[in-house]
Amino acid sequence: KTTSKPPPLPSPLRFSKFYQSNMRILVTGGAGFIGSHLVDKLMENEKNEVIVADNYFTGPKDNLRKWIGHPRFELIRHDVTQPLLVEVDQIYHLACPASPIFYKYNPVKTIKTNVIGTLNMLGLAKRVGARILLTSTSEVYGDPLIHPQPETYWGNVNPIGVRSCYDEGKRVAETLMFDYHRQHGIEIRIARIFNTYGPRMNIDDGRVVSNFIAQALRGEPLTVQKPGTQTRSFCYVSDMVDGLIRLMEGEHTGPINIGNPGEFTMVELAETVKELIKPDVEINMVENTPDDPRQRKPDITKAKELLGWEPKVKLRDGLPLMEEDFRLRLGISKE
Ligand code: NAD
Ligand code: UDP
Ligand code: UDP
């Protein structure tokens, strides 16, 4: 089949380079937890112009308040399941609810966001010749049978479970990325993000670190879901943002795991929060949700070798930074 579409502009003629020396960057989901920290970092570079597209489902506009009105910043209320026409050099595609209670709230919308949203951003990348980075997830490994998880592991995912809208959705998003790369020559980057924590997490989003810190500050028992021996590995948000930018700027498509290999059981996490934040708080064992992965820890050999990246902030140092932010937002000062 012959196509009448012109080829993408050669790189020296790409949009912002055509008009000025700035780099124009789209961040979808930029009002969210990781997205807003990424925007802060990108805005530090005076050569960057940042456009955020977000529908504010799980990210408040308030996370970006310091940039609203800034000449290098633009905020668009936009749902990525609809086409988007902008001219940019890079796309960080983060838009997607990340917390189980939010992504299970409207699972059909979650899978549309992952599939149609990613398709639209790839169509955009193709039209303007932009490089696109997808924030995929460790959930693509499902309940993993290999530990720790290297990028070569294909995963153990339930295709019809209550988490499938998210994990299968991200798996399709990865497939689309590679198909556009192979079929249309799009420059792609895929990060497989492992559990991330830090300031600006939604206080009541149900994720374990935000739950435990909010519970400790409110003097409520910490709810460890059974059996409590399941593990996660927690990466502080500044390390995550640094990894994402290195991946975007580097030469490798990925997928590359970005996460902190320090692994903790949920009981250990509860005990650490108790010790650091409220030594007299109770720890309660409560029922778990279906399909909860039993263990999760990134193999970050690839990130180290290809990106020269590894996390710097230890859990014990990151938790107090998050505590400070939660105290401010909950209005609970330190005794
Ligand atoms: P978040 O929920 O705080 O942010 C997601 C943002 O996307 C929100 O601002 C939300 O309003 C927006 N959004 C959702 N659906 C949208 C749509 N249809 N159109 C436009 N915007 C939409 O989550 P986060 O923790 O910042 O996660 C960001 C990305 O990283 C997500 O893609 C998530 O899957 C991925 N990720 C996060 C973690 C983690 O531990 N936080 C782990 C693995 C992967
Ligand atoms: N798209 C978009 N912005 C653009 C270009 C495309 O949102 O600047 C959307 C477009 O609406 C389509 C999707 O991206 O639904 C895939 O686009 P592509 O050109 O790859 O496919 P086609 O339009 O040929 O189906
Ligand atoms: N979890 C817990 N107490 C809570 C919330 C979650 O023990 O109040 C557990 C949950 O069972 C899971 C782990 O913490 O094993 C991580 O859950 P989260 O929802 O934070 O992230 P994900 O399951 O996506 O890794």
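What counts and how
Residue positions are given per chain, counted from 1 along the sequence in the order it is written. Just so you know, chain letters begin at A and ligand numbers begin at 1, following the order they were written in. Where local features are concerned, this predicted model is filtered to residues with pLDDT of at least 70; where side-chain atom pairs are given and counted, the filter is 80 or more; whole-chain, interface and lining totals use all residues. Helix numbering and strand numbering both begin at the N terminus, where a helix is a DSSP run of H or I of at least 4 residues and a strand a DSSP run of E of at least 2. A radius of gyration in this sense is built from C-alpha atoms; the matching globule rule multiplies 2.2 Å by the number of residues raised to 0.38. Neighbour density around each residue's C-beta defines its exposure: 20 or more other C-beta atoms within 10 Å make it buried, 12 or fewer make it exposed, and counts between make it partly exposed, where C-beta atoms are placed from the backbone. Contacts are defined on C-beta atoms placed from the backbone: any two residues whose C-beta positions lie within 7 Å are in contact. Using the backbone to place each C-beta atom, any residue with that atom within 6 Å of a molecule or strand is considered near it. Polar here means any residue outside two lists: the nonpolar Ala, Val, Leu, Ile, Met, Phe, Trp, Tyr, Cys and Pro, and the charged Asp, Glu, Lys and Arg; Gly therefore counts as polar. Fitted lines through C-alpha atoms give the axes, limited to the stretch in contact for helices. The angle between two N-to-C directions lies from 0 to 180 degrees. Left-handed is the label given to a crossing in which the near helix is rotated counterclockwise from the far helix by less than a right angle, and right-handed is the label when the rotation is clockwise. Strand pairing requires that DSSP identify at least two bridges connecting the strands. Defined on buried residues, the nonpolar core groups Ala, Val, Leu, Ile, Met, Phe, Trp, Tyr and Cys residues joined through C-beta atoms within 7 Å. As a per-residue measure, pLDDT tells how confident the predictor is, with possible values from 0 to 100.

Draft legend 1. Structural context of the overall build of the protein chain. Helix and strand counts for the protein chain come out as ten helices and 13 strands. The C-alpha atoms of the protein chain give 20 Å as radius of gyration, which agrees with the globular expectation for 335 residues (20 Å, within 12%). If one aligns the C-alpha atoms of the protein chain with their principal axes, the spans along those axes are about 70 × 45 × 40 Å. Buried residues in the protein chain amount to 44% of all 335 residues. A separation of at least 24 residues holds for 81% of the contacts in the protein chain among residues at least 6 apart in sequence.

Draft legend 2. Layout of the site of ligand 1. Every one of the 28 residues lining ligand 1 counts as a neighbour, but Gly-29, Gly-32, Thr-58, Gly-59 and Ala-98 are closest to it. Looking at the shell around ligand 1, the elements with two or more residues in it are helix H2 (33-44), helix H4 (107-128) and strand E5 (131-137). Considering every element that reaches the shell around ligand 1, the biggest residue donor is H2, with three residues. Broken down by class, the residue content of the shell around ligand 1 amounts to twelve nonpolar, 14 polar and two charged.

Draft legend 3. Quick look at the packing of helix H6 (residues 208-218) against helix H8 (residues 266-277). Where H6 contacts H8, the two axes come as close as 10 Å, and the packing angle between them is 35°. Judged by the sense of rotation from one axis to the other, the crossing of H6 with H8 is right-handed. Residue-level inspection shows Val-208, Phe-212, Ile-213, Ala-216 and Leu-217 of H6 in contact with H8, the latter providing Met-266, Leu-269, Ala-270, Val-273, Lys-274 and Ile-277. Partitioning the contact of H6 with H8 into residue classes produces ten nonpolar, no polar and one charged.

Draft legend 4. Representation of the environment of Ser-138 within the structure. As for its placement among the helices and strands, Ser-138 is situated in the loop between E5 and helix H5 (164-184). Exposure remark for Ser-138: the 24 C-beta atoms within 10 Å place this residue in the buried category. Separated by 45 residues in the primary sequence, Ser-138 and Gln-183 place their C-alpha atoms 26 Å from one another.

Draft legend 5. Structural view of the site of ligand 2. Inspection of the region around ligand 2 gives Pro-83, Leu-84, Leu-85, Leu-119, Asn-120, Gly-123, Leu-124, Lys-126 and Arg-127 as its neighbouring residues. By residue class, the composition of the shell around ligand 2 is five nonpolar, two polar and two charged.

Draft legend 6. Fine view of the sheet that holds strand E11 (residues 256-258). One open sheet holds the seven strands; their spatial order is E3-E2-E1-E4-E5-E6-E11, and the pairing between them is parallel. The sheet is open, and its two borders are formed by strand E3 (73-77) and E11, each paired with just one other strand. With strand direction ignored, the average angle separating the axes of adjacent strands in the sheet is 20°. With four bridges connecting them, strand E4 (residues 90-93) and E5 associate as parallel partners. Across the sheet, Tyr-92 pairs through a bridge with Leu-133, a residue of E5. Those strands touched by H4 are strand E1 (23-28), E4 and E5, and its axis lies near 175° from that of E4. Here H5 sits on the sheet in contact with E5 and strand E6 (188-193), set at roughly 155° to E5.

Draft legend 7. Local environment of the nonpolar core. Counting residues in each nonpolar core, the largest one holds 75 residues, and the members touching the most others are Ile-132 and Ile-213. Considering every element that reaches this core, the biggest residue donor is H6, with seven residues.

Draft legend 8. Representation of the environment of Thr-301 within the structure. Residue placement: Thr-301 occurs in helix H9 (residues 301-307). A residue is classified by how many C-beta atoms lie within 10 Å of it, and Thr-301, with 14 of them, is partly exposed. For the pair Thr-301 and Val-128, spaced 173 residues apart in sequence, the C-alpha separation works out to 33 Å.

Draft legend 9. Structural detail: the confidence of the model for the protein chain. Of all residues in the protein chain, 95% attain a pLDDT of 70 or more, and the chain-wide mean is 94. If you check the scores for this complex, the pTM reads 0.94 and the ipTM reads 0.97.

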